[in-house]
Amino acid sequence: MRDVSTAIRGGELSCREAVEALLERIERFDGRINAYLDTTAEAALARADAMDRGARGEGRLWGVPIGIKDVIAVEGAPCRCGSRMLDRFLSPYDGTVVRKLKDAGSIPMGRLNMDEFAMGSTNENSGFGPVCNPWDPAYVSGGSSGGSAAAVASGMAYGALGSDTGGSIRQPASLCGVVGLKPTYGRVSRFGLVAYASSLDQIGPITRDVTDAALLFDVICGHDPQDATSLQRQTPATSAGLEGGVKGMRIGLPREYFAAGLDPEVEAAVRRGVETLQGLGAEVEEVSLPHTEYAVATYYILATAEASANLARFDGVRYGHRCSEPEDVTDLYFRSRAEGFGSEVKRRIILGTYVLSSGYYDAYYLRAQKARTLIRRDFEKAFERVDLLAAAVSPTPAYALGACVDDPLQMYLGDILTVPMNLAGNCGISVPCGLTAGGLPIGLQLMGPPFAEAELLRAARAFEAETPWHRKQPDMAVLEQRSAEGA
Ligand code: GLN
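Residues numbered from 1 in each chain as written. Predicted model: local features only at pLDDT ≥ 70, side-chain atom pairs only at ≥ 80, totals over all residues. Heavy atoms only, no water.

(A) Quick peek at unusual backbone geometry. The linkage connecting glycine 143 with the following residue, serine 144, adopts the cis geometry, with an omega of 10 degrees. With respect to the helices and strands, serine 144 occurs in the loop between β5 (136-140) and α5 (146-153). Here phenylalanine 117, not a glycine, exhibits a phi torsion of approximately 50 degrees, which is positive. Looking at the element boundaries, phenylalanine 117 is found in the loop between β3 (107-112) and β4 (132-133). For phenylalanine 117, a relative accessible area of 2% gives the class buried. Here asparagine 123, not a glycine, exhibits a phi torsion of approximately 70 degrees, which is positive. Mapping asparagine 123 onto the fold places it in the loop between β3 and β4. (Helix = DSSP H or I, 4+ residues; strand = E, 2+ residues; numbered from the N terminus. Buried < 20%, exposed > 50% of the residue type's maximum accessible area, 1.4 Å probe, protein only.)

Okay, structure coming up:
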């Protein structure tokens, strides 16, 4: 991202050329990856031309195209949230993050594939086909921001925005070998983000390296009166102190995150990563987050409950697919929703409606709220002793495509290392920390208390500066050859 920005600033590259370079790459590789649902080429080129004709602005992302997950509104562009339900929907306005990108001179470009309404961890729940992992297209990209992560990993985007409700930025970033930052709940405006689970959703950057993540985060964060959950507190830009290192920083290893089920290759890479931080002067100690075992159940009760309410608006009347020739209004609701939603979304609406129903509310929703408080307190206690926590992002590397489609519970359990942080409202980042013997990326997760993005990014940057992983890229020539052979 920075190299493109520098080239444009230096006059070596025009805004149009920056867009065209991506379009060429997308044309060449995306048939195999499926990261883009739409390139929005016309709008991107028009904006690029207008910028090339005008005076060069001062914006920090002047002329740099940024890929947008299909759940964030860009005026005049499709916003289908990876769902057939919104097949013909065009956004009437820009989300706040998009407006901020534009104010910084960036060119929002493309609609990046995702699990339908951000529900999933493999991108196989997209209504428009799965996203393949650029490191090996027989494997999943992760989800739900799989299109964003795969596009950045394969050089089809310079940087992208994703959203993270239970891991959807960090997990695909980890599985695709790129950097993904999930900011503190309330630090980035969600105005213009189609809601999945409103008490958990956050928008954040997916980039090639930590410096780019800090830059993109600094551009999109800040208070927004149009989002009632947006936080007021002013904080200095994270980019400024990025090179400060980790000397004296206290890093905790949550015992419960290194439990059974953690893939040995993932564990080894993460532990090596922690040793690297220790070698740079961080003090490492073990800590405990005792309520971790309840996190997946708590998350899947609260997220589905909120989703069942948020998705009620897609009824074929104001929003969403409308069935043909309904007999009456009930038939209209039934058939429009049955035809428009995919099976995972239906499953979650049914689950969410059940946990909220009067007979079961106390047993499920209310108890989950209490468990959420306990999980948040675990973090608060841990952060009295340490500055950051370190662990894996996903207990395993990318699954083979199709491995989990008939076993949603298995997929849910894979979210164990990412959902607790959303429940607590903290911030976290995934940075590349290794490759498996089979050549699939592994991510190191660093987690911080609310508002600790600067420390988080500083630690991640120190790690990155010491290790080669963020410079490794999938071999797109091999990918091309394999597609030509029909593999
Ligand atoms: N995998 C989790 C889910 O399916 C998280 C998704 C997300 O963060 N949007 O709900």
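(B) Expanded view of the packing of helix α9 (residues 295-310) against helix α11 (residues 343-356). Relative to each other, α9 and α11 sit at 100 degrees, their axes nearing to 7 Å. Considering their axes alone, α9 and α11 lie roughly perpendicular with respect to each other. Side by side, α9 and α11 meet where Tyr300, Ile301, Thr304, Ala305 and Ser308 of the first sit next to Arg348, Ile349, Leu351, Gly352, Thr353, Val355 and Leu356 of the second. When the residues that make up the contact of α9 with α11 are grouped by side-chain class, the tally is 7 nonpolar, 4 polar and 1 charged. (Axes fitted to C-alpha atoms, helices over the stretch in contact; angles between N-to-C directions. Parallel < 35°, antiparallel > 145°, perpendicular 65-115°, else oblique. Contact = heavy atoms within 4.5 Å. Nonpolar A, V, L, I, M, F, W, Y, C, P; charged D, E, K, R; others polar.)

(C) Representation of the packing of aromatic side chains within the structure. As enumerated under the stated definition, the model contains 12 aromatic pairs in all. Taken together, a centroid distance of 5.8 Å and an interplanar angle of 50 degrees make the contact between tyrosine 354 and tyrosine 364 tilted. Here tyrosine 354 is found in helix α11, whereas its partner tyrosine 364 is found in helix α12 (residues 362-385), with 10 residues between them in sequence. With relative accessibility at 39%, the residue tyrosine 354 sits in the partly exposed group. Among the aromatic residues, ring-to-ring pairing joins Phe89, Phe117, Phe314, Tyr319 and Phe341 into one connected group. One Lys or Arg, arginine 80, reaches over the ring of phenylalanine 128 and ends 4.6 Å from the middle of that ring. (Phe/Tyr/Trp six-rings, centres within 6.5 Å; stacked < 30°, edge-to-face > 60°. Lys NZ or Arg CZ within 6 Å of the ring centre and 35° of its normal.)

(D) Structural detail: the sheet that holds strand β7 (residues 179-182). As summarised here, the arrangement of the 11 strands in space is β1-β3-β2-β6-β8-β7-β12-β13-β11-β9-β10, forming an open sheet in which the pairing is mixed. Looking along the sheet, the strands with just one partner apiece sit at the ends: β1 (36-38) and β10 (283-287). Each strand of the sheet is rotated relative to its neighbour by a mean of 30 degrees, with strand direction disregarded. Of the strands in this sheet, β2 (65-69), β6 (159-164), β7, β8 (202-207) and β12 (427-435) are in contact with helix α7 (residues 210-220), which crosses β8 at around 145 degrees. (Pairing = 2+ DSSP bridges.)

(E) Structural view of the site of the ligand. Taken together, 15 residues surround the ligand, and among them Thr165, Gly166, Ser168, Tyr196 and Tyr299 come closest. Between the ligand and tyrosine 300, the relevant distance is 3.3 Å, taken from an oxygen atom to a side-chain nitrogen or oxygen of the residue. (Near = heavy atom within 4 Å. Polar contact = N/O pair within 3.5 Å; in protein donor to acceptor, adjacent residues only side chain to side chain.)

(F) Up close: the pattern of salt bridges. One pass over the full model with this rule turns up 23 salt bridges. Among the salt bridges present, the one from arginine 84 reaches aspartate 87, with a minimum N-O distance of 3.8 Å. According to the relative accessible area criterion, aspartate 87 is partly exposed, its value standing at 33%. Residues arginine 335 and aspartate 331 are paired through a salt bridge, measuring 3.2 Å at the closest nitrogen-oxygen approach. In this pair, arginine 335 and aspartate 331 are both assigned in helix α10 (residues 329-340), 4 residues apart and thus about one turn of the helix distant. Residues joined in a network through salt bridges with shared partners are Arg2, Asp209 and Asp212. (Salt bridge = Lys/Arg side-chain N within 4 Å of Asp/Glu carboxyl O.)

(G) Inspection of the nonpolar core at higher detail. Ranked by size, the top nonpolar core spans 148 residues in total, and within it Phe117, Leu161 and Phe379 carry the most contacts. Once residues lying within four places of it in the same chain are set aside, the contact partners of phenylalanine 379 are Tyr257, Leu289, Leu389, Pro420, Met421, Ala424, Asn426 and Met447. (Core = buried A, V, L, I, M, F, W, Y, C linked by side-chain atoms within 4.5 Å.)

(H) Focus on the packing of helix α2 (residues 15-33) against helix α16 (residues 476-484). Look at α2 against α16: their axes get within 10 Å of each other, and the N-to-C directions meet at 60 degrees. Taken as axis vectors, α2 and α16 run oblique relative to one another. The interaxial crossing formed by α2 with α16 has left-handed handedness. Residues Arg25, Arg28, Phe29, Arg32 and Ile33 of α2 pack against Met476, Leu479, Glu480 and Ser483 of α16. (Left-handed = near helix turned anticlockwise from the far one by under 90°.)

(I) Focus on the pairing of strand β11 (residues 388-392). Most of β11 is tucked away: 5 of the 5 residues are buried. In this sheet, β11 lies alongside strand β9 (residues 250-254) in parallel orientation, the contact comprising 2 bridges. Paired with isoleucine 251 across the strands is leucine 388, a residue of β11. Where β11 lies against strand β13 (residues 441-448), 4 bridges are found, and the strand directions are antiparallel. Bridge assignment links alanine 392 to a residue of β13, and that residue is leucine 444.

(J) Local environment of the environment of leucine 23. With respect to the secondary-structure elements, leucine 23 resides in helix α2. When its relative accessible area of 18% is taken as the criterion, leucine 23 is described as buried. Between the alpha carbons of leucine 23 and glycine 110 there is a distance of 9.9 Å; along the sequence they are 87 residues apart. Here leucine 23 is in contact with Thr39, Ala41, Leu45 and Met109, once residues within four sequence places are set aside.

(K) Region of interest: the pairing of β10. Sheet topology note: the β9/β10 ladder contains 5 bridges and is parallel. Bridge pairing in β10 places leucine 253 opposite glutamate 286. A crossover connection joins β9 to the parallel β10 through helix α8 (residues 264-279); in handedness this β-α-β unit is right-handed. (Right-handed = clockwise from strand over helix to strand, strands pointing away.)

(L) Representation of the environment of tyrosine 354 in the model. Residues tyrosine 354 and tryptophan 469, 115 residues apart in the sequence, show an inter-C-alpha distance of 44 Å. Setting aside chain neighbours within four positions, we find tyrosine 354 in contact with Tyr360 and Tyr364.

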